[in-house]
Every structure is written in C-alpha cells, then in structure tokens.
Amino acid sequence: MTLTAHDVSWKVRSRTIVDRVTLSVDPGEVLGIVGPNGSGKTSLLRCLAGIHRAHTGTVTLAGQPLAGLGDTERARSIAFVGQNPTTETDLTVADVVALGRIPHRSRWNGLSDDDRSAISAGLDRVGLPGFADRRWQTLSGGERQRTQLARAFAQEAPVMLLDEPTNHLDIRSQLQLMRLIGESSEKTTAVVLHDLQLAATFCTRLAVVDGGRIAADGPPEAVLTAELLTDVFGITADVVHDGSGLLMLRYRGVVEQPPGRGR
Ligand SMILES: Nc1ncnc2c1ncn2[C@@H]1O[C@H](COP(=O)(O)OP(=O)(O)OP(=O)(O)O)[C@@H](O)[C@H]1O
C-alpha cells in the first residue's frame, strides 16, 4: 500500500511544525526520515500514521484519505512504533505483543490460534523466542525495543512506521534490526533515524527534514552529500563511495556558524 502525504502541514498553536510536506512511500521501500533534533521528524511520522491530524493537506493510503478510515481499519493497515514506549502495567512480553492483534480480534473473544501464531512469529522474527512469559518491567532497553517491533510485526499491517527503533540497541542489534526491517520487503516502511550511516546503509530512500520541510528526498547516495551535511546538520564530513555501492560517512567536525537554514 502506498502511503502519501499531500502538502501536509501540522501546527501547535501558531507554530508550524510540519510545513507543506509532500512525500510518498511505496511497498518495498524503506524510507529513512532523518534531520536535526527538533526538525519535525516525529511529528511528520505521526501525521503519516494519522495520530496527528494534518491542519492542511491530506494523507492517503492506497489513494484513500486516512482521515476517512475507522480506527480498526487504520490499525489493520498501519503499525506504528513510537519512541520509548513504556507501561506501568504489569504485562508480560506476550501481552505487549498481543496488543498488535487488537485490530484483528472481536472485543469479546480471547486470542485465536491465528493470534497466538502471529505473536510467536513476531517474537521469533525479532530474536526473542522464549521471552513470551517475561515481565515487561524486567526487560532491558534493547529487549523492550525488540518487543515493540514484534508487536508491530504481529499486527500484520502492510505499512510500518518506526520512530528511532535502534535506540538502546548495541551495534550488532542495530544492524540486525535494520536488516530485519530491510528484509520485510512486502511492507511499506518509514523509519526515523538519527544514525546517518545506518540510514545510508539500510534505507532505500532518504527524506531529510529541516525546519519542518523536506530539504531533500531521494536515494541515500544522491541525498547525503557533504554540502547537505553542512547545510542541514551543521557538520563537516567526507562522504566516501567505496565502489561496492556502500556509502561511508567520515565525520570531521561541527560548523562553528551553522547555516541555520530552517532553524
Ligand atoms: N505536542 C507538541 N506541543 C508543542 N510542541 C511540540 C509538540 N510536538 C512537537 N513539538 C515541537 O515541534 C518540534 C519538532 O518536534 P519533533 O519531535 O517532531 O522533532 P524531531 O525531529 O523528531 O526531534 P528529535 O530528533 O529531537 O526527536 C520541536 O520543537 C518540539 O518541541
């Protein structure tokens, strides 16, 4: 399912946070949303998920306005994993992953065989088999992150929107998780990332957000230029193409007088 923002803006009081964004994500794509702190990445992702209602413009899913979908229909279509999701309730890992099955269940029934197999497949997929009975409160940051991803997989939605899913993960787990996301080629995926090297390595496309606007949108090798890193991120860096298609970033320092474009 293609997810599209058409000229979308979102405001808080009089401040425009997402500013006339037009952006599309197709099935099979992993769109990395990158940009400096406070540039509006999370707000844009929330607009794409229908959590924030756009003040102007529309978000469409397979051509249908998202705002016209009911909550259940939307949740069957879009799995959203936010930053640092937490709960005070004493839940097991299986309980948390089972939340992904809510849009597939009738209110009065318990878990079906399909639900149970989706929960167990989700946990296997993120490398947490055997964790079903563990208490959420006892998990490490990385295990919580993977549990949330298992919940998103168990939701079996064609669109996955992930906000900094590599937070708390060690480098091997970051690579594994990004590979896992990349392998889900049947899905339409957008992922907010701070690590530009991870974004360059695993995303098929990057959208750079600066001051609520899209400063660049395209394949990583076209988007991540030394000039853009200076203009948008306020750093100096070498961008090295290693000949095998891999893009390597070598950070050198910060620009003392950041260009401040959009800030
Ligand atoms: N509900 C809100 N009320 C007031 N201000 C908000 C709200 N949501 C976001 N903002 C502001 O909008 C700006 C963009 O926030 P957002 O979280 O989208 O940025 P971000 O690019 O994801 O940032 P970070 O990289 O730091 O996570 C920030 O200045 C933030 O304080």
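Bear in mind that the values here come from a model prediction, so they are computed numbers and not experimental data.

(A) Highlighting the pairing of strand S2 (residues 15-25). Where strand S1 (residues 3-12) and S2 come together, seven bridges link them in antiparallel fashion. Residue alanine 5 lies in a different strand from S2, and its bridge partner there is leucine 23. As consecutive antiparallel partners, S1 and S2 are separated by two residues, and within that stretch arginine 13 has a phi angle of approximately 50 degrees, a positive value.

(B) Summary view of helix H5 (residues 141-154). Look at H5: 20 Å from first C-alpha to last across 14 residues, which is about the 20 Å you get at 1.5 Å a residue. If you check which residues of H5 are buried, you get Gly142, Glu143, Gln145, Thr147, Gln148, Leu149, Ala150, Arg151, Ala152, Phe153 and Ala154. The secondary structure elements touched by the buried residues of H5 are strand S6 (78-81), helix H3 (93-98), helix H4 (113-125), strand S7 (159-163) and helix H6 (171-183). Of the residues flanking the end of H5, it is glutamate 156, one or two places downstream, whose phi is positive at about 50 degrees.

(C) Summary view of the site of the ligand. The environment of the ligand is made up of 15 residues, and the closest members are Gly38, Gly40, Lys41, Thr42 and Ser43. One of the side-chain nitrogen or oxygen atoms of arginine 15 is found 3.1 Å away from an oxygen atom of the ligand. Glycine 40 is positioned with one of its backbone polar atoms (N or O) 3.0 Å from an oxygen atom of the ligand. The fraction of the free accessible surface of the ligand (640 Å²) that becomes covered by protein chains is 63%. With three residues, helix H1 (residues 41-49) is the largest single contributor of residues to the shell around the ligand. Of the residues in the shell around the ligand, the class split is four nonpolar, eight polar and three charged.

(D) Spotlight on the side chain of threonine 188. Examined against the element boundaries, threonine 188 turns out to sit in strand S8 (residues 188-192). Classification of threonine 188 as buried rests on a relative accessible area of 1%. A distance of 2.6 Å separates a polar side-chain atom of threonine 188 from the backbone oxygen of methionine 1. Dropping the residues within four chain positions of it, threonine 188 is found in contact with Met1, Leu3, Val25, Asp26, Pro27, Gly28, Glu29, Pro158, Val159 and Met160.

(E) Main features of the sheet that holds strand S5 (residues 64-65). One open sheet holds the four strands; their spatial order is S2-S1-S4-S5, and the pairing between them is antiparallel. The sheet is open, and its two borders are formed by S2 and S5, each paired with just one other strand. Looking at chain direction, strand S4 (residues 56-61) and S5 are connected through two bridges and run antiparallel. Looking at S5, one finds that leucine 61 is bridged to glutamine 64. Packing of H1 onto the sheet brings it into contact with S1, S2 and S4, and relative to S2 it is tilted by some 60 degrees.

(F) Main features of the pairing of strand S11 (residues 235-241). Sheet topology places S11 next to strand S12 (residues 247-254); seven bridges connect them, and they run antiparallel. Each bridged residue has a counterpart across the sheet, and for threonine 236 the counterpart in S12 is glycine 253. Taken together, S11 and the strand that follows it, S12, pair antiparallel across an intervening segment of five residues, in which glycine 243 is found at a positive phi of about 95 degrees.

What counts, and where the lines are drawn
- Per chain, residues are indexed from 1 in the order of the written sequence.
- Given that this is a predicted model, residues contribute local features only at a pLDDT of at least 70 and side-chain atom pairs are listed and counted only at 80 or more, while totals for whole chains, interfaces and linings are drawn from all residues.
- The side-chain numbers reported here are obtained from all heavy atoms of the structure, hydrogens and water having been left aside.
- One bridge is not enough; two strands pair if DSSP finds at least two bridges between them.
- Secondary structure is summarised from DSSP: a helix means a run of H or I of at least four residues, a strand means a run of E of at least two, and numbering begins at the N terminus for each.
- Any helix carries an expected span of 1.5 Å times its number of residues minus one.
- Working definition: with a 1.4 Å probe on protein chains only, accessible area under 20% of the residue-type maximum means buried, over 50% means exposed, and in between means partly exposed.
- Two residues qualify as a contact provided that any one of their heavy atoms is within 4.5 Å of a heavy atom in the partner residue.
- The nearness test applies per residue and asks whether one of its heavy atoms lies within 4 Å of the molecule or strand.
- Here a polar contact means two N or O atoms within 3.5 Å. Within protein one must be a hydrogen donor candidate and the other an acceptor candidate, and residues neighboring in sequence count only if both atoms are side-chain atoms.
- Per-residue and other accessible areas follow the Shrake-Rupley method at a 1.4 Å probe size, with only the shown protein chains counted as cover for residues.
- Ten residues, namely Ala, Val, Leu, Ile, Met, Phe, Trp, Tyr, Cys and Pro, are considered nonpolar, four, namely Asp, Glu, Lys and Arg, are considered charged, and the remaining ones, Gly among them, are considered polar.
- Note on geometry: axes are lines fitted to C-alpha atoms, helical ones only across the stretch in contact, with angles between N-to-C directions running from 0 to 180 degrees.

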